[in-house]
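# Reading the structure
If you want the building blocks of each chain, they are given just below.
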Amino acid sequence: MDVLIDNADLLLAAFGVTLKLVVVAGLLSLAWGTVLAAMRVGPIRVLQLAGGVYVTLFRNTPLLIILLLIFFGLPKFGITWGYFWPNVIALTLYTSSFVCEALRAGVNSIPLGQAEASRSLGMTFGQSMREVILPQAFRAVVPPLASVLIALTKNTSLVAIFGLPDLTARMKDLLTDHASDLIWIFFGFALAYVVIVEVISLIATIIERRWRVA
Amino acid sequence: MAASVLFDAPGPKTRARHRLYAVISTIALAGIGALVLWRLWIAGQFDPDLWEPFVTPRIVNALLWGLGQTLLMAVVAVLGAVILGFVLGIAKLSDHALVRWPSWLVVEFFRAVPLFMLIIGTWYLLGPQPGGNGYWAVVIGLWLYNGAVIAEITRAGIAALPRGQAEAAYALGMRKSTVMQLILLPQAVKIMLPAIISQSIVALKDTSLGYAVLAPGLTFIGKQVFGEFRNIIPTALVMAATYIMLNLLLTWLATWAQKRFAGEKKIEVTTVAAVGLSSAAESGAPGGGL
């Protein structure tokens, strides 16, 4: 216990690093994943194919290997952006493939009859999109997107291998110096992750409840 | 009408515009691909010296041995996780609060904690040396994490059965344990099988974490290969290709099992793996785990 109190500043700084990674990589993944999903559900065959290939490749490669490729690969292209950005890029490339699939599944979960019915009621294409299709699609993607962001939170722990002082890296440092307090250190740092995970899940529950069909 | 909820059937003008977009995007994609290959070429990444190890018997054998270790690790991890998951999943459904609450807590905790952190913690608990300790740290980490996820899959699988099944069995005078063993579990396993295979994909990908705790496996051997030949990009690409092929095989197996055993009832791994969210979704696209 004392170890955690003595190193509270360390823990807090590490929490900040992890949180920053989650937020930055999370936002970038949502953006890039949306682009990919648009490619996959759009009418252009070439883009559908390209999106499909991207998702297959990145979803089936271990994150560790993507991190290796980006972290050691970018300098070979003459790009040296320190430690933070290569980690963020690798996390984004990986996570966005799951974001894309979550969004695509959400759109596909809307039965075709919904679009047909709204159009035969005389709604314009824009109205049918705004009033019928997209609201249902948004609701359908909230739980899977939350799972993706929670997975991202846990996956940020891998940056410890690539030089960032995040929660896992700091835990490892402390374990090296204070082997006897292993349980306290482990649960203390684990709790920090649980906090982020629970916050994401709480936000998702609130959004889900607010958008629920009456 | 259109084949998608997102757009109407295109008319001649729209089709012409789509063709234009198709041409532009083909050129753009080809351009990006060519640029990457060209930069790799300039950086000397296609130098035969860097790729030669992968046709050298000594290195190929080492990599195959690493792959064997990885596969063995994945099998041990998944088998253990399935056993642990069944136990925890059934315990969560127990009538006794003293059994139900602790198992709930264990499941929630190990689903929320990063697997990598779990592995590092276990490694330090066992003593942070290379070899056996690293191997068991990864395996134990995978047991705990995947066990927690499979516990949720088990719960969702049993919940997906019609209530009448258990009620009829009780009406016939069966005891609780008999109902579970003879009526519920055999049917639930069929529904759970695709989700468990999808979770095995996650477990297989996660064996790559052996890299950081010096556990024998593909990524650990890969590290030694690129350490010796200074060819990290080719090595990483070869490892990525290996994992992708294995995972596509498992994906295909999961789809087959879905059709053969589970039919319409589907457990979404991505949703089950999340904490605090409604866990059983019965429709949607095939879920690859994270």
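Just so it is clear, the structure is predicted and the values come from calculations on it, not from any experiment.

With that settled, the discussion passes to the overall build of chain A. A tally of regular secondary structure across chain A gives nine helices and zero strands. Reading the secondary structure of chain A in the N-to-C direction produces α-α-α-α-α-α-α-α-α. For chain A, the proportion of its 214 residues judged to be buried stands at 50%. Contacts in chain A between residues at least 24 apart in sequence constitute 75% of all its contacts with a sequence separation of at least 6. Total accessible area computed for chain A in this model is approximately 9700 Å², and 68% of it derives from carbon and sulfur atoms.

Let us look at the interface of chain A and chain B. The partner chain B presents 64 residues to the 63 residues of chain A that form the contact. At the boundary of chain A with chain B, total buried surface from both sides reaches about 5500 Å², with 77% on carbon and sulfur atoms. For the chain A face of the interface with chain B, the top three residues by lost area are N60, F77 and K154 of chain A, together amounting to 12%. Our count for the chain A to chain B interface comes out at zero salt bridges. The tally of links from chain A across to chain B stands at six residue pairs in polar contact (both at pLDDT 80 or more). Elements that contribute at least two residues to the side of chain A that touches chain B include exactly α3 (45–60), α4 (63–73), α5 (84–108), α6 (112–120), α7 (125–155), α8 (167–177) and α9 (182–210) of chain A.

Looking now at the environment of S96 of chain A. Residues and elements named next belong to chain A. Within the secondary structure layout, S96 lies in helix α5. In this structure S96 comes out as buried when scored by relative accessible area, which is 0%. Along the sequence, S96 and W32 sit 64 residues apart, while their C-alpha atoms lie 6.0 Å from each other. When residues no more than four places from it in sequence are discounted, the contact partners of S96 are S29, W32, G33, L36 and Y54. In terms of polar contacts, S96 uses its side chain to reach the backbone carbonyl oxygen of T92, at 2.8 Å. Among the polar contacts made by the side chain of S96, one reaches the main-chain carbonyl oxygen of L93 at a distance of 3.1 Å.

Within the secondary structure, S97 of chain A sits in helix α5. Non-local contacts of S97 of chain A, meaning those with residues more than four positions away in its chain, are made with Y54, V55, F58 and R59 of chain A.

Turning our attention to the pattern of salt bridges. Residues and elements named next belong to chain A. All told, the structure shown has nine salt bridges over all chains when counted by the stated rule. The partner of R40 in a salt bridge is E101, with the nearest N and O atoms 2.7 Å apart. You can see R40 sitting in helix α2 (residues 8–41) and its partner E101 sitting in helix α5, a full 61 residues away along the chain. On the basis of relative accessibility, which here comes to 11%, the residue E101 falls in the buried class. As a salt-bridge pair, R104 and E101 come within 3.2 Å of each other at their nearest N and O atoms. Linking R104 with E101, this pair stays in helix α5, spanning three residues, or about one helical turn. In the salt-bridge network here, residues are joined through shared partners; they are R40, E101 and R104.

A few words on the side chain of T154 of chain B. By the secondary structure assignment, T154 of chain B is in helix α6 (residues 132–159). A polar contact is formed between the side chain of T154 of chain B and the backbone oxygen of I150 of chain B, at a distance of 2.7 Å.

Residue and element names in this part refer to chain B. Mapped onto the fold, P128 is located in the loop between α5 (115–126) and α6. The exposure class assigned to P128 is partly exposed, which follows from its relative accessible area of 38%. On a C-alpha basis, the gap between P128 and V213 in space is 7.6 Å, while along the polypeptide they are 85 residues apart.

So, about the packing of aromatic side chains. In this description, a pair of aromatic rings is defined by centroid distance and the angle of the planes. Within the structure shown, the criterion is met by 19 aromatic pairs over all chains. A centroid spacing of 5.2 Å and a plane angle of 35° characterise the contact between F187 of chain A and F109 of chain B, whose relative ring orientation is tilted. Of this pair, F187 of chain A sits in helix α9 while F109 of chain B sits in helix α4 (residues 97–112), each in a different chain. Measuring from centroid to centroid gives 5.6 Å for W101 of chain B and W104 of chain B, while their planes differ by 70°, and the two rings are edge-to-face. Of this pair, W101 of chain B and W104 of chain B are both found in helix α4, three residues apart, which corresponds to roughly one turn of the helix. Classification of W104 of chain B as partly exposed rests on a relative accessible area of 36%. Taken together, the ring pairs connect F71, F72, Y83 and F162 of chain A into an aromatic cluster.

Residues and elements named next belong to chain A. Remark: α7 packs on α9, axes separated minimally by 10 Å, with the N-to-C direction vectors making an angle of 170°. The orientation of α7 relative to α9 falls into the category roughly antiparallel. Contact residues: V142, P143, A146, L149, I150 and T153 in α7; Y193, I196, V197, I200, S201, A204, I207 and E208 in α9. A breakdown of the residues in the contact of α7 with α9 according to their chemical character gives 11 nonpolar, two polar and one charged.

Rules and cut-offs
- Residues numbered from 1 in each chain as written.
- Chains lettered and ligands numbered in written order.
- Predicted model: local features only at pLDDT ≥ 70, side-chain atom pairs only at ≥ 80, totals over all residues.
- Heavy atoms only, no water.
- Helix = DSSP H or I, 4+ residues; strand = E, 2+ residues; numbered from the N terminus.
- Buried < 20%, exposed > 50% of the residue type's maximum accessible area, 1.4 Å probe, protein only.
- Contact = heavy atoms within 4.5 Å.
- Areas by Shrake-Rupley, 256 points an atom, 1.4 Å probe, with all protein chains shown as cover.
- Buried area = accessible area lost by both parts, 1.4 Å probe.
- Salt bridge = Lys/Arg side-chain N within 4 Å of Asp/Glu carboxyl O.
- Polar contact = N/O pair within 3.5 Å; in protein donor to acceptor, adjacent residues only side chain to side chain.
- Phe/Tyr/Trp six-rings, centres within 6.5 Å; stacked < 30°, edge-to-face > 60°.
- Axes fitted to C-alpha atoms, helices over the stretch in contact; angles between N-to-C directions.
- Parallel < 35°, antiparallel > 145°, perpendicular 65-115°, else oblique.
- Nonpolar A, V, L, I, M, F, W, Y, C, P; charged D, E, K, R; others polar.

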